[in-house]
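Each chain, letter by letter, is given below.
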Amino acid sequence: MTGRLRIGVLGCADIAVRRMLPAFAADPGIEIAAVASRDAAKAREVAERFGCRPVHGYDALLEQDDVQAVYVPLPAALHAQWTEAALRTGRSVLAEKPLTTDHRRTANLLRLAAERGLVLMENVMFVHHRRHRAVQRLVADGAIGEVRAFHAAFTIPPLPDGDIRYDPDLGGGALADVGIYPLRAALHFLGPDLRVSGARLVRGAGRRVETSGAALLSTPGTATAQITFGMEHAYRSTYELWGSEGSITVERAFTPPADHVPVIALHRDGKSEEFRLAPHDQVAATVAAFAAAVRSGTLPDTGDTLRQARLLDEIHRFAAAGEPDGNG
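Let me begin by describing the structure that accompanies this report. (Residues numbered from 1 in each chain as written. Predicted model: local features only at pLDDT ≥ 70, side-chain atom pairs only at ≥ 80, totals over all residues. Heavy atoms only, no water.)

**Structural notes on the layout of surface pockets**
Approximately 960 Å³ is the volume found for the largest pocket. Forming the walls of the largest pocket are 38 residues, and the residues nearest its centre are Ala-13, Asp-14, Ile-15, Ile-164 and Arg-165. Contributions of two or more residues to the lining of the largest pocket are made by helix 1 (14–26), helix 4 (76–88) and helix 7 (174–190). Its residues placed into classes, the lining of the largest pocket shows 20 nonpolar, seven polar and eleven charged. (1 Å grid on protein atoms, 1.4 Å probe; cavity = no way out; pocket = protein on both sides within 12 Å on 5 of 7 lines; lining within 4 Å. Points joined across faces, edges and corners; volume = space filled by probe spheres on them. Helix = DSSP H or I, 4+ residues; strand = E, 2+ residues; numbered from the N terminus. Nonpolar A, V, L, I, M, F, W, Y, C, P; charged D, E, K, R; others polar.)

**A closer look at the packing of helix 1 against helix 2 (residues 40–50)**
Two packed helices can be described by the angle between their axes and the distance between those axes. Taken N-terminus to C-terminus, the directions of helix 1 and helix 2 make an angle of 40°; their axes are 11 Å apart at the nearest point. The angle between the axes of helix 1 and helix 2 places the two elements in the oblique class. Note on packing geometry: the crossing formed by helix 1 with helix 2 is right-handed. Across the interface between the two elements, Val-17, Leu-21, Pro-22 and Ala-25 of helix 1 pack against Val-46, Arg-49 and Phe-50 of helix 2. (Axes fitted to C-alpha atoms, helices over the stretch in contact; angles between N-to-C directions. Parallel < 35°, antiparallel > 145°, perpendicular 65-115°, else oblique. Left-handed = near helix turned anticlockwise from the far one by under 90°. Contact = heavy atoms within 4.5 Å.)

**Some remarks on the pattern of salt bridges**
Any two side chains of opposite charge can pair, so long as their charged atoms come close to each other. Across all of its chains, the model carries 18 salt bridges by this definition. The closest approach of N and O atoms between Asp-161 and Arg-207, which form a salt bridge, is 3.0 Å. Of this pair, Asp-161 sits in the loop between strand 7 (147–155) and helix 7 while Arg-207 sits in the loop between strand 8 (195–202) and strand 9 (212–218), and the two are 46 residues apart along the sequence. With a shortest N-O distance of 3.5 Å, Asp-167 and Arg-208 are connected by a salt bridge. Residue Asp-167 is found in the loop between strand 7 and helix 7, and its partner Arg-208 is found in the loop between strand 8 and strand 9; the two are separated by 41 residues along the sequence. Here Arg-208 falls in the exposed class, since its relative accessible area comes to 52%. Through salt bridges with shared partners, a single network forms among Lys-97, Asp-163, Arg-165 and Asp-177. (Salt bridge = Lys/Arg side-chain N within 4 Å of Asp/Glu carboxyl O. Buried < 20%, exposed > 50% of the residue type's maximum accessible area, 1.4 Å probe, protein only.)

The structure is reproduced here in structure tokens:
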């Protein structure tokens, strides 16, 4: 592929307008070809802001000849339908997380993309931040000895009552929205053999979805992971790796702004040392990674995407089994 990658956007969700469309526009290798909405006026408003073509309806965008790849920021329950539709028209896809609400659908979509030689990437942005690779290097170099435990939390304050993340029909709930971050981080650091050992999901008063929860996971070896998540809390975004000889702490782990100075705190032998890294824009890094994969035809490793989907389903099953009254 030569020239700029022309992307079509299926929907005008907040994350698209606030974060992804500006990142697409800032990347010199990308051109925003069109933005679609079921609301024609909204499509016109967003398209005018980003200098692209408005399209009324998602099907209509997939009929546009100049769209080479598609970004899907729709509610989680719609991801599978429109990701599949885009793949079947021959377009690579960057889809918001979770890729689908069922690990079987996720597996089917990943298989379809691979069979057609298309890039399918789930938009989990923090894994593209350089800080986490630096943490992995510290662990690999033995800075904390053998890893024994991983603790992570991502919690946010309550959302407006009408927010789609409170709607079960649209795939809402704290696990898929915020729990996915500490869960993916656990996979990132403890590896693909992670399994769920226990889970609890809690539904806040008057809510139809879980608004908080926690899970315990383990590896076949000695390492365990504890993750906490919720959307009725004070803000928290952190993880810790505990080893046989020390520990590593990372704050503002999952959604740091582009100008944030990342810090890695290493605790060992009764002393603490801080490593300060240069700011890194994980949104821009994600966009660049997707565009590079599409342009080169190199299919990304999607193993963690599928493993994450299976773990999400396992957490739901464990929580339901422990809540016979149906509140889990």
